[in-house]
Each structure stands twice: as structure tokens, then as C-alpha cells.
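Okay, here's what each chain looks like letter by letter:
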Amino acid sequence: MDYTVVSYAVYLPVATGVTVWVARTLSRNGRIFLADVFAGDEKLADAVNHLLVVGFYLINLGFVALWMRNDEQVRDVQGIFNALSYKLGTVLLVLGVMHLGNVYVLNRIRRRGRQEREPFAPSRPPVPPQARLNPGQA
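Residues numbered from 1 in each chain as written. Predicted model: local features only at pLDDT ≥ 70, side-chain atom pairs only at ≥ 80, totals over all residues. Heavy atoms only, no water.

### As for helix α1 (residues 3-37)
Phase 1: Compared with an ideal rise of 1.5 Å per residue, which puts 35 residues at 51 Å, α1 spans 48 Å between its outermost C-alpha atoms and is within 8% of the ideal.
Phase 2: The largest bend in α1 comes to about 45 degrees, at Gly30.
Phase 3: Here α1 has its buried residues at Thr4, Ser7, Tyr11, Ala15, Thr19, Val22, Ala23, Gly30, Leu34, Ala35 and Val37.
Phase 4: In the core, the buried residues of α1 are packed alongside α2 (42-67) and α3 (77-117).
Phase 5: Capping of α1 at its N-terminal end is provided by Asp2; its side-chain oxygen lies 3.2 Å from the backbone amide nitrogen of Thr4.
Phase 6: Of the residues trailing α1, Ala39 is marked for its positive phi of about 55 degrees. (Helix = DSSP H or I, 4+ residues; strand = E, 2+ residues; numbered from the N terminus. Expected span 1.5 Å × (residues − 1). Bend = angle between axes of the 7 residues up to and from the residue. Buried < 20%, exposed > 50% of the residue type's maximum accessible area, 1.4 Å probe, protein only. Contact = heavy atoms within 4.5 Å. Polar contact = N/O pair within 3.5 Å; in protein donor to acceptor, adjacent residues only side chain to side chain.)

Below is the structure:
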């Protein structure tokens, strides 16, 4: 029995399944966030959501496919588990980094949009200071 092929046969469906699950979860739950980012424009939020999902699939499934290859022959069952833990762990880390990157960028866009809609948001003072008082002048 070729254990390298067994490791491929387990890795590919598990990594693909996890990628699809994460993409669906992000798409379903991210739609509300995107609607807020784009000030309630549902059509724009849906379009951006779909584009993000397609890009997520392309990048992550491409990485899964490239990462599948083993340089060394897997010789036993322990080698299968070693290869799978290393490969699947790396895929999960890449998925997490991609997710955090998306959330960071969208949160920046959301914050900027809120500041434009609400010019006197609590993060900015309503008027610039007119003068400065020294501690003894009060």
C-alpha cells in the first residue's frame, strides 16, 4: 500500500471541505457586516460578498492544491498523520490569516464611511481648540 497516496486521498477532501465550510460561513455571516460597511446598500454588499468568496476560493484552493505535494515518501501510518497534521495545520493558519486580513480591511472601510456619514463622531472633537490655558491661569 502506498501511504503517500493515502495521505493525498485524505488531505485533499478534508482541506477542500474546510475551505468550503469557512467560505460559506464567512459569506453568510459577513453579509450583514458588508451591508453596514456600504451604508445599507444591499446590492453592493451582495456583489462585494460574492467577489470576496470567489477570491477566497481561488486563493485558498490554489494553496491547497500546491501544498498537497509531498517531497518525501510516506512510509507508515504515523507518517500519514504527521503529513496530514502539518499540511492541514498550515491550511487552517492560511485560512485564518486570510479571514483576519479581510476583516481588517473591511473594518477600515467601515470606519471611514462612518466618519464621512457622521462628521462629529466621538473619535473627533466637534471643534478644534481655540486657546491653551496654562495650569496657573484657570
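### A word on the nonpolar core
Phase 1: Counting 13 residues, the largest nonpolar core has Tyr11, Ala15 and Val91 as its most contacted members.
Phase 2: The leading source of residues in this core is α3, at 6 residues.
Phase 3: Once residues within four sequence positions are removed from consideration, Val91 is found in contact with Tyr11, Ala15, Phe63, Val64 and Trp67. (Core = buried A, V, L, I, M, F, W, Y, C linked by side-chain atoms within 4.5 Å.)

On their own, these measurements won't tell you what the molecule is for.
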